[in-house]
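One letter stands for each residue in the lines below.
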Amino acid sequence: MKVGIYNQFLQTMGGGERHMGMAAEVLAEAGHEVEIITHVPVAVETLAARFDLRLPGVRVNTTPLLPFDQLGDLSAAYDLWINASF
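Within every chain, residues take consecutive numbers counted from 1 along the sequence as written. With pLDDT at 70 or above as the cut-off, local features in this predicted model cover only qualifying residues; side-chain atom pairs require 80 or more to be listed or tallied, and sums for whole chains, interfaces and linings still use all residues. Side-chain calculation: all heavy atoms of the structure are included, whereas hydrogens and water are not.

Trainee: Describe in detail the sheet that holds strand β3 (residues 59-62), supporting the description with residues and values.
Mentor: We treat two strands as partners when DSSP finds at least two bridges between them. Numbering of helices and strands starts at the N terminus; helices are DSSP runs of H or I of at least 4 residues and strands are runs of E of at least 2. With parallel pairing, the four strands of this open sheet are ordered in space as β3-β2-β1-β4. The outermost strands of the open sheet, each flanked by one partner alone, are β3 and β4 (80-83). With strand direction ignored, the average angle separating the axes of adjacent strands in the sheet is 25°. In this structure, strand β1 (residues 2-6) lies alongside β4, joined through four bridges in parallel fashion. Pairing of G4 across the sheet is with W81, part of β4. In this analysis, axes come from line fits to C-alpha atoms, helices being fitted only over the stretch in contact, and the angle between any two N-to-C directions falls in the range 0 to 180 degrees.

This is the structure we're talking about:
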């Protein structure tokens, strides 16, 4: 299953981002294709090191900031879309 995890604030590397990273880790370990979608480039290795996560195969997709009512177009490419921003 292709999973998109949206996090508008990934670069802050706070508690919500740790929670999101843990979800990405579990889903990737279960064999799913996981992509984190954000607006400011952050290396997946930086995220993994900051929160002591195992994220092999997890990718980061950096996209321009869009109004929330336009995220539907972005989410259409995934079987499962998780909004980890709020």
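Trainee: Tell me about helix α2 (residues 44-51), and name the residues and values.
Mentor: Categorising residues by exposure relies on relative accessible area from a 1.4 Å probe, with only protein chains included: less than 20% of the type maximum marks a residue as buried, more than 50% marks it as exposed, and the intermediate range marks it as partly exposed. For α2, the complete set of buried residues consists of V44, L47, A48 and F51. Summarising the axial view, the buried residues of α2 lie within an arc of 95°, below the 170-degree limit, and thus occupy one face. Of the residues in α2, the exposed ones pointing more than 90 degrees away from the buried face are E45, A49 and R50. A contact between two residues is defined here by any heavy atoms of the two lying within 4.5 Å. Looking at the buried side of α2, the elements it contacts are α1 (15-29), β2 (33-38) and β3. Downstream of α2 by a residue or two, D52 has a phi angle that is positive, lying close to 55°. Along the arc lie the directions from the helix axis toward the C-beta atoms.

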